[in-house]
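Each chain, written out:
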Amino acid sequence: MKKPWVVTTAVALLALAACADPVTQSASTSGDASVVAFDTSANQQHITSAKVDRIAAELPAAVRESGTLVIGNGSAGGGLPPLGFTADDNKTPIGVEIDIAYLVASVLGLKAQIQTTNWENLFLGLDSGKYQVGISNIGVSELRKEKYDFATYRLGLHAFEAKKGSGLKISGPADISGKTVAVSSGTLQEAILLDWNKQNVAAGRKPANPKYYQQASDTYLALESGRIDLYLGPNPNASYHVATQGKTEIVGTVSSSYPVQGLVGITTKKDNGLVKPLADALNAAIADGSYPKVLKKWGLEAEAVPKSLVNPPGLPKDKQK
């Protein structure tokens, strides 16, 4: 069974994990009003790749001999598409993060054992060793790098979403001058908006007018009715909403680690010996074409990375949320 998933959950939870891409990049808009239905069935096929023996040999002996990679994912309670969420059977985890887990495990010659939990318990599970890795839209940050290692696999983007046909194009602070922009309170998106407002005021331009809503559904009603001009939120949610609803468009993106390039990484307990084989497995999947297939399946091609990096620069400590 295939059905579109309507994003109506507040996005503040997702912002805890989000990061983003290069400083700013404009997104091209399309006049195609078609609506995409993603496969949300429990029996969907996961994209995998062939085992690479030389990479599998890099694994710690205990992990290699167990034949299993235990993966924590923070989508308990339903999750948020297209990252990690619950399939039509109301129990099976699916989404881009789940597919990345299966893909990496296949290159390493391991069986992916995915366990869903909430955001706070995800890190407790990593700390205790309950989960060997976390794959759950976890942004690389300098604070997190003190306890964890990261093998990057996606750009972390925030997206400016507008009513379809708005004609808007956002590539920097000047483009939001005088506009009414919705954000969730206390998020990285809000911090970016307020930073851009300071830049606009310093340059003698009008600041944007921030608006706050408790539910994403209320935000989208305001956007479609013209009460707000833009909604700045996590790009995966925005991309899924645009594809499944066909009423809005992405008119620009910005790094959630602005002005630092933000990246999302597979997360492991520091110095446990897993981060290099994870990065090498990701790079093998990038090279053989299976990695881009995973992102295309969930409409996240814009978040593709050319190479998995180990512990790159992340969100500065003073910006950590």
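All values derive from a computational prediction rather than experimental measurement.

So what exactly am I meant to see when it comes to the environment of Gln-113 here?
If you trace the backbone, Gln-113 turns up in strand S6 (residues 111–116). Sequence-wise, Gln-113 and Leu-69 are 44 residues apart; in three dimensions their C-alpha atoms are separated by 5.9 Å. Those residues in contact with Gln-113 that lie beyond four places of it in its chain are Thr-68, Leu-69, Val-70 and Ile-71.

Help me out: how do you make sense of the pattern of salt bridges in this one?
Any two side chains of opposite charge can pair, given that their charged atoms come close. Tallied over the entire structure, the rule returns 10 salt bridges. One salt bridge in this structure joins Lys-145 and Glu-142, with 3.0 Å as the shortest N-O distance. Look at Glu-142 and you get partly exposed, because its relative accessible area is 27%. One salt-bridge network, held together by shared partners, links Glu-58, Lys-276 and Asp-280.

Would you explain the side chain of Thr-40 in this entry?
Positionally, Thr-40 belongs in the loop between strand S1 (24–25) and helix H2 (53–56). The exposure class assigned to Thr-40 is buried, which follows from its relative accessible area of 0%. Within the local environment of Thr-40, its side chain forms a polar contact with the side chain of Asp-88, the two groups lying 2.8 Å apart.

So what exactly am I meant to see when it comes to the packing of helix H9 (residues 275–288) against helix H10 (residues 290–297) here?
Axis angle and axis distance: for two packed helices, these are the angle between their axes and the distance between the axes, and together they describe the pair. Interaxial distance between H9 and H10 falls to 4 Å at its minimum, and their mutual angle equals 80°. Taken together, the axis directions place H9 and H10 in an arrangement best described as roughly perpendicular. Touching Ala-285, Ile-286 and Asp-288 of H9 are Ser-290, Tyr-291 and Pro-292, all from H10. Here the contact of H9 with H10 is composed, by residue class, of four nonpolar, one polar and one charged.

Quick question: what am I supposed to make of the confidence of the model for the chain here?
Parts of the prediction with low pLDDT should not have their coordinates interpreted in detail. When the pLDDT values of the chain are averaged, the result is 89; 89% of them are 70 or greater. Within the model, the stretch residues 1–33 combines pLDDT values under 50 with 119 contacts to residues more than four positions away or in other chains.

What should I look at first to understand the packing of helix H4 (residues 96–107) against H9 in this one?
Contact geometry of H4 with H9 gives a least axis separation of 9 Å together with a crossing angle of 100°. By the angle class used here, H4 and H9 are roughly perpendicular. On H9, the residues that touch Leu-103, Val-104 and Val-107 of H4 are Leu-278, Ala-281, Leu-282, Ala-284 and Ala-285. A per-class count over the contact of H4 with H9 returns eight nonpolar, no polar and no charged.

Thresholds, definitions, all that
Residues numbered from 1 in each chain as written. Predicted model: local features only at pLDDT ≥ 70, side-chain atom pairs only at ≥ 80, totals over all residues. Heavy atoms only, no water. Helix = DSSP H or I, 4+ residues; strand = E, 2+ residues; numbered from the N terminus. Contact = heavy atoms within 4.5 Å. Salt bridge = Lys/Arg side-chain N within 4 Å of Asp/Glu carboxyl O. Buried < 20%, exposed > 50% of the residue type's maximum accessible area, 1.4 Å probe, protein only. Polar contact = N/O pair within 3.5 Å; in protein donor to acceptor, adjacent residues only side chain to side chain. Axes fitted to C-alpha atoms, helices over the stretch in contact; angles between N-to-C directions. Parallel < 35°, antiparallel > 145°, perpendicular 65-115°, else oblique. Nonpolar A, V, L, I, M, F, W, Y, C, P; charged D, E, K, R; others polar. pLDDT = per-residue confidence, 0-100.

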